[in-house]
Amino acid sequence: MTSDRQLRVGVLALQGAFREHLEYLAQAVAAAPFPGIQWHFCEVKTPAELERCDGLVIPGGESTAMSLIAQRTGMVEPLRDYCTTHPVWGTCAGLILLATTIVDGKPDQVALGALDVEVRRNAFGRQLDSFTAPVAFPWLKGEPFETVFIRAPVVTKVEPGVEVLSTVERGDGSKVVVAVRQRRVLGTSFHPELAGDYRFHRWFLSEFVVGDSASPASA
Ligand code: GLN
């Protein structure tokens, strides 16, 4: 018998790179266990599966397809409710889904309104479709983190209550917002599940799911 705290984190598995996130979450806790916590990671496709989770990751992929599948499977309202009461992290298409306003989206595309931001889809343009950039996130110890951008959105407007966590510089020298946080909801334009580095996932678990905001440096 174990008296460990049991925490379950789901990855929305309607479409996109959900397997990669599951793999990275598992690696993030395997590398250095969290004392007193037993983690469970699972795919989430239904409202019942969502309800069992203490936190959720919404992966990258194609936000219009995810939105359509969420509508067809009755997941839109459960997701909307879930985001108001639980830690959630959206990466790339996941960030688009979490936003309040989507620029260059499809007319019927779902915006869950969990992050009070405007995002622009495919904001780096065709010439810069995919790229990587090392970013020094102050809360991750050690080397800069290799951020991977694939047809990525950027955050173009931030309402009060939303914290800008990170920006990157474009070729023309302008800075764009690529990571934001509003309470326990996190959004990143890039794909930490493709970086070959589990620190970002570990930080999400410790800072957002365990809620250990006093020690973000433990990531
Ligand atoms: N451009 C995609 C969209 O609009 C997002 C790309 C991604 O998640 N890598 O959904």
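Residues numbered from 1 in each chain as written. Predicted model: local features only at pLDDT ≥ 70, side-chain atom pairs only at ≥ 80, totals over all residues. Heavy atoms only, no water.

**Comments concerning the UniProt feature "active site" (unreviewed entry) in the chain**
Link 1 in the chain: Following the UniProt record, the feature "active site" (unreviewed entry) maps to Cys92, His191 and Glu193 here. Taken along the chain, the residues just named run across 102 residues; in space they keep tight, none of their C-alpha pairs more than 10.9 Å apart.
Link 2 in the chain: With respect to the helices and strands, the residue Cys92 is situated in the loop between strand S4 (88–91) and helix H5 (93–98).
Link 3 in the chain: Given the relative accessible area of 3%, Cys92 is considered buried. (UniProt positions renumbered as here; feature names shortened; annotations may be inferred. Helix = DSSP H or I, 4+ residues; strand = E, 2+ residues; numbered from the N terminus. Buried < 20%, exposed > 50% of the residue type's maximum accessible area, 1.4 Å probe, protein only.)

**With respect to the packing of aromatic side chains**
Link 1 in the chain: Scanning all chains against the criterion turns up 20 aromatic pairs.
Link 2 in the chain: On the numbers, 5.6 Å between centres and 85° between planes, the contact of Phe190 with Phe200 is edge-to-face. Placement of the pair is Phe190 in the loop between strand S12 (185–188) and helix H6 (199–209) and Phe200 in helix H6, with a sequence separation of 10 residues. Each of the two residues, Phe190 as well as Phe200, counts as buried.
Link 3 in the chain: Through a chain of ring-to-ring contacts, three or more aromatic side chains come together here, namely Trp89, Phe124, Phe131, Phe137, Trp139, Phe145, Phe149, Phe190, Phe200, Trp203, Phe204 and Phe208.
Link 4 in the chain: Sitting above the plane of the Phe208 ring, Arg181 keeps its charged end 4.1 Å from the centroid. (Phe/Tyr/Trp six-rings, centres within 6.5 Å; stacked < 30°, edge-to-face > 60°. Lys NZ or Arg CZ within 6 Å of the ring centre and 35° of its normal.)

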